[in-house]
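# Coordinates in review
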Amino acid sequence: MAADPTVFRFAPSPNGLLHLGHAYSALLNADLARQRGGRLLLRLEDIDTARCTPALEAMLREDLAWLGFAHETPVRRQSAHFADYRAALEALAGEGLAYPAFMTRGEIRRHAAAFEEAEGAPWPVDPDGAPIYPALDRLLPEGERRRRMAAGEPFAWRLDMRRARERLVAPLLFAETGGGEAVDVPAEPELWGDVVLARRDTPTSYHLSVVVDDAIQGVTHVVRGLDLLPSTSVHRLLQALLGLPVPVYHHHDLILGSDGQKLSKSRGDVSLRALREAGLGPEDIRRMVGLSGKGRAMP
Ligand code: GLU
């Protein structure tokens with residue numbers, strides 16, 4: 001019996017123009033899928049419906065087509081699947097693993113600053129450098145929680161990390177092939193504190209939707225930038241809590257700018273579009289990201 005095909009996906013957010021870092025990730029996914037005889041999906045991570053626009057999505061798809069990124073259709077667009085993420089959130093909340101959190105980001109920052117002022121010690125930060133949420137809303141009496149929800153006060157849904165960790169008896173590991181050989185990496189989701197599962201303004205979060213979608217789409221190999229390695233700990237925890245399959249992870253190095261910093265849309269780094277307009281072709285892009293010739297191999 002033939003083995004099930006491997007499934008790779010490139011999952012950009014259409015909130016800006018694609019740059020060389022995206023090109024590297026997309027082409028590496030395509031190369032690895034081809035080497036494995038696997039399937040190649042494109043997923044549009046557009047849960048931030050204010051920043052992700054149809055015009056940016058159209059440009060993104062045009063840039064990928066120009067690059068020769070040959071993905072399957074239909075393309076999954078996250079904003080069309082909020083009900084799937086809602087169902088996962090309800091499953092977690094039903095298990096007592098998620099709770100409404102009213103504190104705003106500004107309040108969290110002020111709480112951290114007041115602590116530092118009073119204690120003369122740093123408040124902990126998450127792997128992205130944001131202050132850890134102090135989990136005060138977890139302690140709210142049920143009556144007050146209900147009253148504030150009924151009054152229409154905005155809130156996010158957060159994961160009760162301590163309780164979630166206590167649920168799991170087996171060690172939480174994921175297979176990582178980014179360094180060459182496959183190694184089992186221990187997940188450390190607690191570094192993130194009580195992460196957001198659904199934002200105040202969006203009925204899901206990056207972490208929740210990526211995990212749900214990778215499962216629904218049968219993704220077997222997640223190939224993405226090293227900047228997302230710390231997030232994988234949260235993803236692995238959510239997979240365990242929701243009973244979802246666990247893909248193999250391959251976090252690739254990042255393409256850096258001439259100043260040694262990670263490329264980003266917000267820094268206004270050179271877009272693929274600008275490179276194309278300057279007369280470069282897809283083969284030039286492959287060369288610039290170090291993928292000309294045979295491409296990189298994956299164990
Ligand atoms: N949408 C994410 C980004 O553009 C990538 C998510 C992923 O590959 O898991 O950074």
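Just above, that's the structure.
Residues numbered from 1 in each chain as written. Predicted model: local features only at pLDDT ≥ 70, side-chain atom pairs only at ≥ 80, totals over all residues. Heavy atoms only, no water.

## Let's talk about the environment of I47
- Inspection of the secondary structure assignment puts I47 in the loop between β2 (39-44) and α2 (54-67).
- Residue I47 is classed as buried on the basis of its relative accessible area of 7%.
- Discounting residues that sit within four places of it in the chain, I47 has contacts with Q78, F82, R199, T202, T204, S205, Y206 and S209. (Helix = DSSP H or I, 4+ residues; strand = E, 2+ residues; numbered from the N terminus. Buried < 20%, exposed > 50% of the residue type's maximum accessible area, 1.4 Å probe, protein only. Contact = heavy atoms within 4.5 Å.)

## Looking at the packing of aromatic side chains
- This model, assessed by the stated rule, comprises six aromatic pairs.
- Taken together, a centroid distance of 5.8 Å and an interplanar angle of 80° make the contact between F155 and W157 edge-to-face.
- Taken together, a centroid distance of 5.6 Å and an interplanar angle of 75° make the contact between F174 and Y249 edge-to-face. Taken together, the positions of F174 in strand β6 (residues 173-176) and Y249 in strand β10 (residues 248-252) put the pair 75 residues apart, joining distant regions of the chain. Of the two residues examined, F174 and Y249, each falls in the buried class.
- Through pairs of rings, three or more aromatic residues link up here, namely F102, F155 and W157.
- In this structure, R148 is placed above the aromatic ring of F102, and the distance from its NZ or CZ to the ring centre is 4.4 Å.
- Here the basic side chain of R158 rests over the ring of Y133, its NZ or CZ set 3.9 Å away from the ring centre. (Phe/Tyr/Trp six-rings, centres within 6.5 Å; stacked < 30°, edge-to-face > 60°. Lys NZ or Arg CZ within 6 Å of the ring centre and 35° of its normal.)

## Re the packing of helix α7 (residues 206-216) against helix α8 (residues 229-242)
- The interhelical angle for the contact between α7 and α8, taken along N-to-C directions, is 60°, at an axis separation of 9 Å. Relative to α8, the element α7 lies oblique. As for how α7 packs across α8, the hand of that crossing is right-handed. When α7 is examined against α8, the residues Y206, H207, L208, V210 and V211 are found in contact with a partner set consisting of S231, V234, H235, L238, Q239 and L242.
- The residue makeup of the contact of α7 with α8, split by class, is seven nonpolar, four polar and no charged. (Axes fitted to C-alpha atoms, helices over the stretch in contact; angles between N-to-C directions. Parallel < 35°, antiparallel > 145°, perpendicular 65-115°, else oblique. Left-handed = near helix turned anticlockwise from the far one by under 90°. Nonpolar A, V, L, I, M, F, W, Y, C, P; charged D, E, K, R; others polar.)

Don't take any of this as a statement about function, it's just geometry.
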